[in-house]
Amino acid sequence: MSDLASTNPLLHAIFTDHMDEAKDINATFQAGDEEAAIKAADAMIRKYGNPAFSRASDDSAIEVLKRAGDVIGALADHYPRGCIEFAHNDISSEALSIPRVSVAYRKYQEAQRLAYEDGKDRKPIPRMEIGDMFQVVTEDLKVSRAELHTLLNPESVAAIELCAIIGKDLNISAVREPQRGQYARANISSKK
C-alpha cells in the first residue's frame, strides 16, 4: 500500500476507504493475474471515484483540470505520444521518465486524490446538461465538431495534434466563470 500511495494516490485513497475490495484485488494480483487486478482496480475508480468527482467542490474539480492541462502541455513539449496514452487514462514509464512530465503527472494525481476526498462525503450536485457542456466546449473552448470527434477517436490524428485538441478541451480558464466548476466536475467524473 505504501508503494501505491506514491504511484497512484487516488487508487490508494479508494483502497484505504474500501479495504475489503482492495484485499480481493491484491489477492488476484498476488496470484499472478495482473490483468484482472488492473481491471478490478479500474472498476473501483469508476465505482467510487466518479461519484466523488461528480460531488467535488468547484475549486477541487477545477484544480484537476488545470493539472491535467499541465500534463498535456508537458507531453506536447517532450513526448507527444503520451497524449494518446493520457486520452486512454494511462501513461507510460517512458513518458514518466521525463522530469517535467513526471512532476506534472504527480501533481495531477494529487489533485485527483484531493477531489476524491473532497467529494466522497458531499451530497450530489446536479450534473451539467449535455447541451450546456457542448456549448462550453464549442463556444468557450473553441473545440470544433471535427476535434470533438477526434477526442472520441484519439488514434485518428497525429499525437501532437491530439495534444493541441486535448489542451483546448482542458483550458478551464477560457470557460465562463459561472460554469467552470460544473464543466470541470462533468469533465473529470466522465473520464475516469
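Residues numbered from 1 in each chain as written. Predicted model: local features only at pLDDT ≥ 70, side-chain atom pairs only at ≥ 80, totals over all residues. Heavy atoms only, no water.

## A look at the overall build of the chain
Stage number 1. Scanning the chain from N- to C-terminus turns up 12 helices and zero strands.
Stage number 2. Computed over C-alpha atoms, the radius of gyration of the chain comes to 17 Å, within 12% of the 16 Å expected from 2.2 N^0.38 for 192 residues, which places it in the range of a compact globule.
Stage number 3. Out of the 192 residues belonging to the chain, those deemed buried represent 42%.
Stage number 4. Of the accessible surface of the chain, which amounts to about 10100 Å², a share of 52% is contributed by carbon and sulfur atoms.
Stage number 5. Of the side chains in the chain, 24 bear a positive and 30 a negative charge, and the two mean positions are spaced by 4 Å. (Helix = DSSP H or I, 4+ residues; strand = E, 2+ residues; numbered from the N terminus. Rg over C-alpha atoms; globule rule 2.2 N^0.38 Å. Buried < 20%, exposed > 50% of the residue type's maximum accessible area, 1.4 Å probe, protein only. Areas by Shrake-Rupley, 256 points an atom, 1.4 Å probe, with all protein chains shown as cover. Lys, Arg positive; Asp, Glu negative; His and termini not counted. Charge placed at Lys NZ, Arg CZ, Asp CG, Glu CD.)

## Observations concerning the nonpolar core
Stage number 1. Of all hydrophobic cores here, the largest spans 57 residues; its most connected members are Phe15, Val71, Ile72, Leu75, Phe86, Tyr116 and Tyr183.
Stage number 2. Those residues in contact with leucine 75, other than ones at most four positions away along the chain, are Pro80, Gly82, Cys83, Phe86, Ile91, Ala95 and Val101. (Core = buried A, V, L, I, M, F, W, Y, C linked by side-chain atoms within 4.5 Å. Contact = heavy atoms within 4.5 Å.)

## Quick look at the packing of helix 2 (residues 9-17) against helix 4 (residues 34-55)
Stage number 1. The geometry of helix 2 relative to helix 4 is characterised by a closest axis approach of 10 Å and an angle of 90° between their N-to-C directions. Taken together, the axes of helix 2 and helix 4 lie roughly perpendicular to each other. Residue-level contacts link Leu10, Leu11, Ile14 and Phe15 of helix 2 to Ala41, Met44, Ile45, Tyr48, Gly49 and Phe53 of helix 4.
Stage number 2. Split into classes, the residues belonging to the contact of helix 2 with helix 4 amount to nine nonpolar, one polar and no charged. (Axes fitted to C-alpha atoms, helices over the stretch in contact; angles between N-to-C directions. Parallel < 35°, antiparallel > 145°, perpendicular 65-115°, else oblique. Nonpolar A, V, L, I, M, F, W, Y, C, P; charged D, E, K, R; others polar.)

## A word on the packing of helix 5 (residues 58-78) against helix 8 (residues 99-119)
Stage number 1. Contact geometry for helix 5 and helix 8: axes closest at 8 Å, N-to-C directions at 165°. It follows that helix 5 is roughly antiparallel to helix 8 by the angle criterion. The two elements helix 5 and helix 8 cross, and the hand of that crossing is left-handed. Between helix 5 and helix 8, the contacting residues are Ser60, Glu63, Val64, Arg67, Ala68, Asp70, Val71, Gly73, Ala74, Leu75, Asp77 and His78 on the first element and Arg100, Val101, Ala104, Tyr105, Lys107, Tyr108, Ala111, Gln112, Leu114, Ala115 and Asp118 on the second.
Stage number 2. Looking at the contact of helix 5 with helix 8 residue by residue, the class counts come to 12 nonpolar, four polar and seven charged. (Left-handed = near helix turned anticlockwise from the far one by under 90°.)

## Quick look at unusual backbone geometry
Stage number 1. A positive phi angle, close to 60°, is found at asparagine 89, a residue other than glycine.
Stage number 2. Within the secondary structure, asparagine 89 sits in the loop between helix 6 (81-87) and helix 7 (93-96).
Stage number 3. With a relative accessible area of 44%, asparagine 89 lands in the partly exposed category.
Stage number 4. Even without being glycine, lysine 142 reaches a positive phi, approximately 60°.

## Things to note about helix 5
Stage number 1. In a regular helix each residue adds 1.5 Å, so 21 residues correspond to 30 Å; helix 5 covers 30 Å between its end C-alpha atoms and thus fits that length.
Stage number 2. For helix 5, the full list of buried residues reads Ser60, Ala61, Ile62, Val64, Leu65, Ala68, Val71, Ile72, Ala74 and Leu75. (Expected span 1.5 Å × (residues − 1).)

## Describing the environment of leucine 151
Stage number 1. Looking at the element boundaries, leucine 151 is found in helix 10 (residues 145-152).
Stage number 2. For the pair leucine 151 and isoleucine 166, spaced 15 residues apart in sequence, the C-alpha separation works out to 7.3 Å.
Stage number 3. Excluding residues that lie within four positions of it along the chain, leucine 151 makes contacts with Leu162, Ile165, Ile166 and Asp169.

## Looking at the side chain of serine 92
Stage number 1. Relative to the helices and strands, serine 92 resides in the loop between helix 6 and helix 7.
Stage number 2. Here alanine 95 takes part through its backbone nitrogen, which lies 3.1 Å from a polar atom of the side chain of serine 92.
Stage number 3. With residues near it in sequence (within four places) discarded, serine 92 still touches Tyr79 and Glu85. (Polar contact = N/O pair within 3.5 Å; in protein donor to acceptor, adjacent residues only side chain to side chain.)

## Some words on the packing of aromatic side chains
Stage number 1. Scanning the entire structure with this criterion turns up two aromatic pairs.
Stage number 2. Measuring from centroid to centroid gives 5.8 Å for tyrosine 105 and tyrosine 108, while their planes differ by 40°, and the two rings are tilted. Taken together, the positions of tyrosine 105 and tyrosine 108, both in helix 8 and three residues apart, correspond to about one turn of that helix. Accessibility assignment for this pair places tyrosine 105 and tyrosine 108 in one class, buried.
Stage number 3. Each residue in the set Phe86, Tyr105 and Tyr108 is aromatic and connected to the rest through ring pairs, giving one cluster. (Phe/Tyr/Trp six-rings, centres within 6.5 Å; stacked < 30°, edge-to-face > 60°.)

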